Amino acid sequence: MNRATLFDLAVNRALSYLERLGALEESFDREGWSDHLQTWQRNTRFAYRIPLETLLEALSSYPGKDHYWQGGPLGRWCRGMNPRP
């Protein structure tokens, strides 16, 4: 898996995790999201390769429901459903 694809997967999975916890219902809270994602990152076999601060930076610009991240570290949020599981 190339680095851009790995990054996209990490951002989108982190987003799903935060959604399941209900953490997205509040406004962006770097400290709160960081606490949640530290545990997730330790227990996810691929996410440790992406620095937590980099994930938080991408997540901080999340525009809202029905968007997914694409394009690696220099990517952007795209409207629609994530084409990857």
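Okay, so let's go over this structure. (Residues numbered from 1 in each chain as written. Predicted model: local features only at pLDDT ≥ 70, side-chain atom pairs only at ≥ 80, totals over all residues. Heavy atoms only, no water.)

1. Structural notes on the pattern of salt bridges
If the charged atoms of two oppositely charged side chains come close together, the side chains can form a pair.
Working step 1: Here the structure, examined in full by the defined rule, presents two salt bridges.
Working step 2: Across the pair Arg30 and Glu53 runs a salt bridge whose closest N-O atoms are separated by 3.0 Å. One end of the pair, Arg30, is in helix H2 (residues 30–42); the other, Glu53, is in helix H3 (residues 52–60), with 23 residues separating them in the sequence.
Working step 3: For Arg30, a relative accessible area of 30% gives the class partly exposed.
Working step 4: The exposure class assigned to Glu53 is partly exposed, which follows from its relative accessible area of 48%. (Salt bridge = Lys/Arg side-chain N within 4 Å of Asp/Glu carboxyl O. Helix = DSSP H or I, 4+ residues; strand = E, 2+ residues; numbered from the N terminus. Buried < 20%, exposed > 50% of the residue type's maximum accessible area, 1.4 Å probe, protein only.)

2. As for the packing of H2 against H3
Working step 1: At a minimum axis distance of 10 Å, the contact between H2 and H3 shows a crossing angle of 125°. In terms of their interaxial angle, H2 and H3 are classed as oblique. Relative to H3, H2 is oriented so that their crossing is right-handed. For the pair H2 and H3, contact is made by Arg30, Trp33, Ser34, Leu37, Gln38, Trp40 and Gln41 and by Leu52, Glu53, Leu55, Leu56, Glu57 and Leu59, respectively.
Working step 2: Class assignment of the residues belonging to the contact of H2 with H3 gives a composition of seven nonpolar, three polar and three charged. (Axes fitted to C-alpha atoms, helices over the stretch in contact; angles between N-to-C directions. Parallel < 35°, antiparallel > 145°, perpendicular 65-115°, else oblique. Left-handed = near helix turned anticlockwise from the far one by under 90°. Contact = heavy atoms within 4.5 Å. Nonpolar A, V, L, I, M, F, W, Y, C, P; charged D, E, K, R; others polar.)

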